[in-house]
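Here are the chains, one letter per residue:
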Amino acid sequence: MYSVEVRDRIMIAHSLPDPFFGPAQGKHGASFVVDVAFFRETLNAQNVVVDIGAALDVLAGTLKELAYRDLDTLPQFQGKLTTTEFLCRHIFDACCAAARAGALGADGANLARIRVTLHEHDLARASFEGPVA
């Protein structure tokens, strides 16, 4: 399986209002390094997985709606615990939708999987990986 991976960064604010999260129940900021890997079984005619510039654009567009925002105030996250794992899935779903909509060019239709990893810092990260279809 071939892959190409792109990276960006994001800063958000949120709270995790559940006793499970201890001090993180209150409003706090979080900074993430975000990696998105695009996988396919074979390379295209140009011997790449997808255009890396298009992949960077998809990731930047996906993160733009979240950057410097208080996630607690966004309607799509009302009543949700916006954990790192949850955000991985949210970004994954948006990248899959972008691939299906043609934002990665024709090569996006041939992707097998996408993996999203959010690095909270150098000691902790979370991921979500799944098929594009």
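Asks: Looking at this model, I keep getting lost on the state of the cysteines. Mind explaining?
Replies: Evaluation of the coordinates by the stated rule reveals zero disulfides. Cys88 carries a free sulfur, and the closest cysteine sulfur to it, the one in Cys95, is 11 Å from it. Residue Cys88 is classed as buried on the basis of its relative accessible area, which comes to 0%. Cysteine Cys96 remains unbridged, with the sulfur of Cys95 as its closest cysteine sulfur at 7.2 Å.

Asks: Can you help me understand the sheet that holds strand β3 (residues 113-121) in this one?
Replies: Strands in a sheet are paired, the pairing made by backbone hydrogen bonds, and the direction either parallel or antiparallel. Reading across from one edge, β1-β2-β3-β4 is the order of the four strands in this open sheet, with antiparallel pairing throughout. In the strand order of this sheet, the two ends are held by β1 (2-14) and β4 (124-131), each with one partner. Along the sheet, successive strands turn relative to each other by an average axial angle of 20°, direction set aside. Helix α1 (residues 52-64) rests against β1 and β2 (28-40) of the sheet, and its axis sits at about 20° to β1.

Asks: Before we go on, may I ask you to explain the side chain of Thr82 in this structure?
Replies: By the secondary structure assignment, Thr82 is in the loop between α1 and α2 (84-100). Among the polar contacts made by the side chain of Thr82, one reaches the side chain of His14 at a distance of 2.8 Å. In this structure, Thr82 is in contact with His14, Ser15, Leu16, Leu71, Phe77 and Leu87, ignoring residues within four places of it in sequence.

Conventions used here
- Residues numbered from 1 in each chain as written.
- Predicted model: local features only at pLDDT ≥ 70, side-chain atom pairs only at ≥ 80, totals over all residues.
- Heavy atoms only, no water.
- Disulfide = S-S within 2.5 Å.
- Buried < 20%, exposed > 50% of the residue type's maximum accessible area, 1.4 Å probe, protein only.
- Pairing = 2+ DSSP bridges.
- Helix = DSSP H or I, 4+ residues; strand = E, 2+ residues; numbered from the N terminus.
- Axes fitted to C-alpha atoms, helices over the stretch in contact; angles between N-to-C directions.
- Contact = heavy atoms within 4.5 Å.
- Polar contact = N/O pair within 3.5 Å; in protein donor to acceptor, adjacent residues only side chain to side chain.

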